[in-house]
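Residues per chain are reported as follows:
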Amino acid sequence: MTADRDILSADDQALIDAIKAKVQSGTITYMQEHWGHEAELNPLATLEDIQKAEAESGKRTPPLIRELLLQVADGGFGPGYETVGTCKGMNLWPLSGAFEMGIYQVNYFREKLEEIAASEDGVYTQEEQTEAAEYLQAWSTAGDLMLYGFWGCQCYVLVDVSRQELPIYYMDGDNIGPSSHATLREWWQAWLDGTITQG
């Protein structure tokens, strides 16, 4: 690896190799495998593609995600409809607002939920205020969140890239909480094992 690439653990490289083998065998996404959606493997990302996305986001890509882009494909594979790549290879449906194309931090929903929680009495029902507090609690455990995967119908997977274990969160519309798969490595392993769930 070059100086611009982090050295992976043997376990992470083995995980990448298993994902690459599954994808190259023709199983590119969950939706393709289970629902017959069309899927075509994106080309590999380059270091330049990733560095450009990092410069725009102001965040460094974790080694596991970085090497998946460099060794498997520039996004467009994996659980759900697909995972996020750099602008060049990304095949997600166009998303608006906080979700710019490429590798970006998610801020919009944090600000929205803080606004709800800080509103005057009577503006929101007690149920809405309780839900907002629960969502804010979920956000409070997260650090720098990266949009990483797309399940359709405003359902997304977010990765906390500030922590080495890469905990993941599931977002359905405005609702966010920890995923049933605690870390990104568990999420990918569940896809390999055929036990992946949406939440």
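Conventions and cut-offs
Residues numbered from 1 in each chain as written. Predicted model: local features only at pLDDT ≥ 70, side-chain atom pairs only at ≥ 80, totals over all residues. Heavy atoms only, no water. Helix = DSSP H or I, 4+ residues; strand = E, 2+ residues; numbered from the N terminus. Buried < 20%, exposed > 50% of the residue type's maximum accessible area, 1.4 Å probe, protein only. Contact = heavy atoms within 4.5 Å. Areas by Shrake-Rupley, 256 points an atom, 1.4 Å probe, with all protein chains shown as cover. Salt bridge = Lys/Arg side-chain N within 4 Å of Asp/Glu carboxyl O. 1 Å grid on protein atoms, 1.4 Å probe; cavity = no way out; pocket = protein on both sides within 12 Å on 5 of 7 lines; lining within 4 Å. Points joined across faces, edges and corners; volume = space filled by probe spheres on them. Nonpolar A, V, L, I, M, F, W, Y, C, P; charged D, E, K, R; others polar. Core = buried A, V, L, I, M, F, W, Y, C linked by side-chain atoms within 4.5 Å. Axes fitted to C-alpha atoms, helices over the stretch in contact; angles between N-to-C directions. Left-handed = near helix turned anticlockwise from the far one by under 90°.

J.: Looking at this structure, I do not really get the overall build of the protein. What am I missing?
T.: From N to C terminus, the protein includes seven helices and five strands. Helices (α) and strands (β) of the protein occur, in sequence order from the N terminus, as α-α-α-α-β-α-α-β-β-β-β-α. Burial status across the protein gives 46% buried among its 199 residues. A separation threshold of at least 6 residues defines the contact pool for the protein, and within that pool the share at least 24 residues apart is 56%. For the protein, the exposed area adds up to about 9,900 Å²; of that, 48% sits on carbon and sulfur atoms.

J.: How should I be thinking about the pattern of salt bridges in this particular structure?
T.: Note that side chains of opposite charge can pair when their charged atoms are close. Taken as a whole and assessed by the stated rule, the structure comprises two salt bridges. The salt bridge partner of arginine 185 is aspartate 12, with a shortest N-O separation of 2.8 Å. Highlighted residues: arginine 185 in helix 7 (residues 184–193) and aspartate 12 in helix 1 (residues 10–24), separated in sequence by 173 residues. Residue class for arginine 185 comes out partly exposed when judged on its relative accessible area of 27%. Across the pair glutamate 165 and arginine 163 runs a salt bridge whose closest N-O atoms are separated by 3.0 Å.

J.: Would you explain the layout of surface pockets in this entry?
T.: It is the rolling of a water-molecule-sized probe over the atoms that shows where space remains empty. The space that makes up the second largest pocket amounts to roughly 160 Å³. Around the second largest pocket, the lining is made up of 13 residues, and of these Asp12, Pro63, Leu64, Gln164 and Arg185 lie nearest the centre. Class assignment for the residues of the lining of the second largest pocket results in seven nonpolar, two polar and four charged.

J.: Before we go on, may I ask you to explain the side chain of threonine 183 in this structure?
T.: Looking at where threonine 183 falls in the secondary structure, it is placed in strand 5 (residues 175–183). Sequence-distant contacts of threonine 183, defined by excluding residues within four places in its chain, comprise Glu165, Leu166, Pro167 and Ile168.

J.: Looking at this model, I keep getting lost on helix 4 (residues 63–71). Mind explaining?
T.: Working note: α-helix, 3.6 residues per turn, so residues spaced by three or four point in the same direction. Counting buried positions along helix 4 yields eight of nine residues, so the element is predominantly enclosed. Where helix 4 is concerned, the buried positions are Leu64, Ile65, Arg66, Glu67, Leu68, Leu69, Leu70 and Gln71.

J.: Help me understand the nonpolar core, please; the structure alone is not making it clear to me.
T.: Nonpolar side chains tend to gather and get buried jointly when the protein is soluble and globular. Residues Ile19, Leu68, Phe77, Tyr148, Leu184 and Trp188 are the most contacted members of the largest nonpolar core, which totals 35 residues. If you list the elements that add at least two residues to this core, you get helix 1, helix 2 (30–35), helix 3 (47–57), helix 4, strand 2 (145–152), strand 3 (155–160), strand 4 (167–172) and helix 7. Discounting residues that sit within four places of it in the chain, tryptophan 188 has contacts with Leu15, Ile19, Leu68, Phe77, Gly78, Pro79, Thr83 and Tyr148. The next biggest cluster of nonpolar side chains, apart from the first, holds nine residues, and it includes Val84, Leu145, Met171 and Ile176.

J.: I tried to follow the packing of helix 1 against helix 4 on my own but got confused; where do I start?
T.: When two helices pack together, their arrangement is given by the angle between the helix axes and by the axis-to-axis distance. Put simply, helix 1 and helix 4 touch, their axes get as near as 10 Å, and they point 35° apart. Crossing hand, helix 1 versus helix 4: right-handed. Contacts between helix 1 and helix 4 involve Asp12, Gln13, Leu15, Ile16, Asp17, Ile19 and Lys20 from the former and Leu64, Glu67, Leu68 and Gln71 from the latter. Among the residues forming the contact of helix 1 with helix 4, the class breakdown is five nonpolar, two polar and four charged.

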